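# Notes for the structure review
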Amino acid sequence: MLRAIAGVIVSYLVMAIVITVVFLGLFLVLGVERVFQPDSYEVSTLWLLVTIALGFGSAIIGGYVCAAISKSQRACQVLALIVLVLGILLCLPKMHEDPHVRAGEVPTWQVMQLAQMPAWLHVLNPILGAVGVMLGARMKKPL
């Protein structure tokens, strides 16, 4: 039981770290003008593709780590459910935000907070995350 709990917690942390580090790195490499539409906080098509790929990839890593630590498919299913539910709960407020107009130079931290993703992505990300976790869990060969 303790192994399963540790697997879920460590895996979720690994996913969060991977997403944060890679997103920040890519954001700095691409720059504001390639991440956002001109004079807007709406993200570019490039950033949408990056978001989908990175979210799915980090979920696969998380599922693999969970399976490796917990040695239990049930723990991986719990992680997938947590990713799905938390993903939906965290994205609901973002779906109802009013659009902002970007004018002039804005600090990087503020730009990242004001990013506006399309509503369909807020629905897709938690689903892809849960699927990615289960796919990653299946990639781990049993001992």
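Further remarks concern the confidence of the model for the chain. Confidence along the chain averages 87 in pLDDT terms, with 87% of residues attaining 70 or more. When mean pLDDT is compared element by element in the chain, helix α3 (residues 45-70) scores highest at 95, while helix α5 (residues 108-114) scores lowest at 69.

With that settled, consider the packing of aromatic side chains. The final tally for this structure, using the stated rule, is three aromatic pairs. Ring plane angle 35° and centroid distance 5.4 Å describe the contact between Phe23 and Trp47, whose orientation is recorded as tilted. Taken together, the positions of Phe23 in helix α1 (residues 2-30) and Trp47 in helix α3 put the pair 24 residues apart, joining distant regions of the chain. Their ring planes at 80° and their centres at 6.2 Å tell us that Phe27 and Trp47 sit as a pair that is edge-to-face. Pair noted here: Phe27 is in helix α1 and Trp47 is in helix α3, with a separation of 20 residues, a long-range link. Comparing Phe27 with Trp47 shows no difference in burial state: the two are buried. Here the aromatic residues Phe23, Phe27, Phe36 and Trp47 are joined through ring pairs into a cluster of three or more.

Moving on: unusual backbone geometry. The backbone of Lys71 sits at a positive phi, close to 55°, despite the residue not being glycine. On the secondary structure map, Lys71 appears in the loop between α3 and α4 (73-95). Look at Lys71 and you get partly exposed, because its relative accessible area is 46%.

Attention now moves to the environment of Met15. Within the element layout of this structure, Met15 appears in helix α1. Expressed as a C-alpha distance, the spacing of Met15 and Leu54, which sit 39 residues apart in the sequence, is 10.0 Å. Once residues within four sequence positions are removed from consideration, Met15 is found in contact with Ser58, Ala59, Gly62, Val83 and Val133.

So, about a nonpolar patch on the surface. A cluster of nonpolar residues, Met1, Ile5, Ile9, Leu13, Ile17, Val21 and Val22, forms a patch on the protein surface that exposes about 710 Å² of accessible area. For Ile5, the position within the fold is in helix α1. For Ile5, a relative accessible area of 41% gives the class partly exposed.

To continue, consider α3. Its 26 residues give α3 an end-to-end C-alpha distance of 37 Å, which sits within 8% of 38 Å, the value for a rise of 1.5 Å per residue. Downstream of α3 by one or two residues, Lys71 has phi in the positive range, about 55°.

Next up on the list: the packing of α3 against helix α6 (residues 119-139). At a closest axis distance of 6 Å, the pairing of α3 and α6 adopts a crossing angle of 35°. For the pair α3 and α6, the sense of crossing is right-handed. Per-class residue counts for the contact of α3 with α6 are 16 nonpolar, six polar and no charged.

The buried category is assigned to Trp47, whose relative accessible area is 7%. Setting aside chain neighbours within four positions, we find Trp47 in contact with Phe23, Leu26, Phe27, Leu30, Val35 and Met117.

Criteria and thresholds
Residues numbered from 1 in each chain as written. Predicted model: local features only at pLDDT ≥ 70, side-chain atom pairs only at ≥ 80, totals over all residues. Heavy atoms only, no water. pLDDT = per-residue confidence, 0-100. Helix = DSSP H or I, 4+ residues; strand = E, 2+ residues; numbered from the N terminus. Phe/Tyr/Trp six-rings, centres within 6.5 Å; stacked < 30°, edge-to-face > 60°. Buried < 20%, exposed > 50% of the residue type's maximum accessible area, 1.4 Å probe, protein only. Contact = heavy atoms within 4.5 Å. Patch = residues over 30% accessible without salt bridge, like charges linked within 9 Å, V, L, I, M, F, W, Y side chains within 5 Å. Areas by Shrake-Rupley, 256 points an atom, 1.4 Å probe, with all protein chains shown as cover. Salt bridge = Lys/Arg side-chain N within 4 Å of Asp/Glu carboxyl O. Expected span 1.5 Å × (residues − 1). Axes fitted to C-alpha atoms, helices over the stretch in contact; angles between N-to-C directions. Left-handed = near helix turned anticlockwise from the far one by under 90°. Nonpolar A, V, L, I, M, F, W, Y, C, P; charged D, E, K, R; others polar.

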